[in-house]
Amino acid sequence: MEPFKTLTSTIAPLHLENVDTDQIIPARFLKSTTREGFGDNLFRDWRYDADNNPKEDFVLNKVSGAEILVGGKNFGCGSSREHAAWAIHDYGFRVVVSSFFADIFKNNALNNGLLPVQVSDEFLQEIFKAIEKNSDTMLTVNLEEQSIKIEGSALVENFELNPYKKHCLLNGLDDIDFLISKKEAIEAFEVQKEY
């Protein structure tokens, strides 16, 4: 995984609550066991009509290059499919912001290099207001400080994050990489362990 420190980016605002994993990546696209290619079908049924034409009013068809997706409350609810995090990350997002995440989605995101930033309901509404005023509004997410800032304003908020997952994201490690990084310490422990 790529290490994550600080990201400043424009925003893709998805001002909807209760976005579930079947809306994020519909079940009919879950045939692959690798992480690649799922971004093409991210929000597929919202992005395209029945004839496979892009829907002009859907945010991902209007905004390009944003690395931060901002969703409404209860983002990632529904089934436990890890493919939802894969699809968001494969599309190019590094951060998802919401005022509440389903636990399984949050863990799947963290395990796949996607940072879920949980903010207060009030701060989330400030983000949506800023975007309504200026579609080029940018957010800065600083993982080391665990802060998120609406650029061009004084609005900043801190967010919670598991210290282990923070360490992994800062260093670009998944769970296996983390264990491998501790190989020498594990081997030294085994040598001094008495049987």
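Please read these numbers as outputs of a predicted model, since none were measured by experiment. (Residues numbered from 1 in each chain as written. Predicted model: local features only at pLDDT ≥ 70, side-chain atom pairs only at ≥ 80, totals over all residues. Heavy atoms only, no water.)

### Quick notes on the side chain of S99
No. 1: Within the secondary structure, S99 is located in the loop between β3 (95-98) and α5 (103-111).
No. 2: Reaching out from S99, the side chain makes a polar contact with the side chain of D121 at a distance of 2.8 Å.
No. 3: Contact partners of S99, with chain neighbours within four places excluded, come to K73, Q118, V119, S120, D121 and L124. (Helix = DSSP H or I, 4+ residues; strand = E, 2+ residues; numbered from the N terminus. Polar contact = N/O pair within 3.5 Å; in protein donor to acceptor, adjacent residues only side chain to side chain. Contact = heavy atoms within 4.5 Å.)

### Looking at the pairing of strand β4 (residues 115-118)
No. 1: Relative to β4, β3 runs parallel, the two being bridged by four bridges. Within β4, the position partnered with V97 by the bridge is V117.
No. 2: Each parallel crossover has a hand, and for β3 linked through α5 to β4 it is right-handed. (Pairing = 2+ DSSP bridges. Right-handed = clockwise from strand over helix to strand, strands pointing away.)

### Remarks on the pairing of strand β2 (residues 68-71)
No. 1: Taking every second residue as pointing to the same face, both faces of β2 are buried, with I68 and V70 on one and L69 and G71 on the other.
No. 2: The pairing of strand β1 (residues 6-14) with β2 spans four bridges and is parallel. Across the sheet, I11 pairs through a bridge with I68, a residue of β2.
No. 3: With three bridges joining them, β2 and β3 adopt parallel strand pairing. Its bridge partner being in β3, I68 is matched across the sheet by V95.
No. 4: Handedness of the crossover is the feature at issue here: the chain leaves β2, passes through helix α4 (residues 83-91), returns alongside β3, and the resulting connection is right-handed. (Buried < 20%, exposed > 50% of the residue type's maximum accessible area, 1.4 Å probe, protein only.)

### Some points on the environment of K55
No. 1: For K55, the location among the structural elements is in the loop between α2 (44-47) and α3 (59-62).
No. 2: Residues K55 and D45, 10 residues apart in the sequence, show an inter-C-alpha distance of 9.5 Å.
No. 3: When neighbours within four sequence positions are excluded, K55 is seen to be in contact with D45, W46, R47, Y48, D49 and N61.
No. 4: At a separation of 3.1 Å, a polar atom in the side chain of K55 contacts the main-chain carbonyl oxygen of D45.

### Let's talk about helix α7 (residues 163-171)
No. 1: When we look at burial in α7, the residues that qualify are K165, K166, C168, L169 and L170.
No. 2: Residues of α7 that are buried make contact with α5, β4 and α8 (175-181).
No. 3: With a side-chain oxygen lying 2.7 Å from the backbone nitrogen of Y164, the N-terminal cap of α7 falls on N162.
No. 4: Just downstream of α7 lies G172, where phi reads positive at about 65 degrees.

### Let's talk about the nonpolar core
No. 1: Ranked by internal contacts, the top residues of the largest apolar core, which has 27 residues, are I24, F43, L69, F75, I88, F93 and F105.
No. 2: Secondary structure elements with two or more residues in this core: β1, α3, α4 and α5.
No. 3: It is α4 that contributes the most residues to this core, five residues altogether.
No. 4: Residues within four places of F75 in sequence aside, it is in contact with L14, V19, I24, F43, L69, I88, V96, S98, F100, F101, A102 and F105.
No. 5: In this structure, L110, V141, L143 and L170 belong to the second largest nonpolar core, which totals 26 residues. (Core = buried A, V, L, I, M, F, W, Y, C linked by side-chain atoms within 4.5 Å.)

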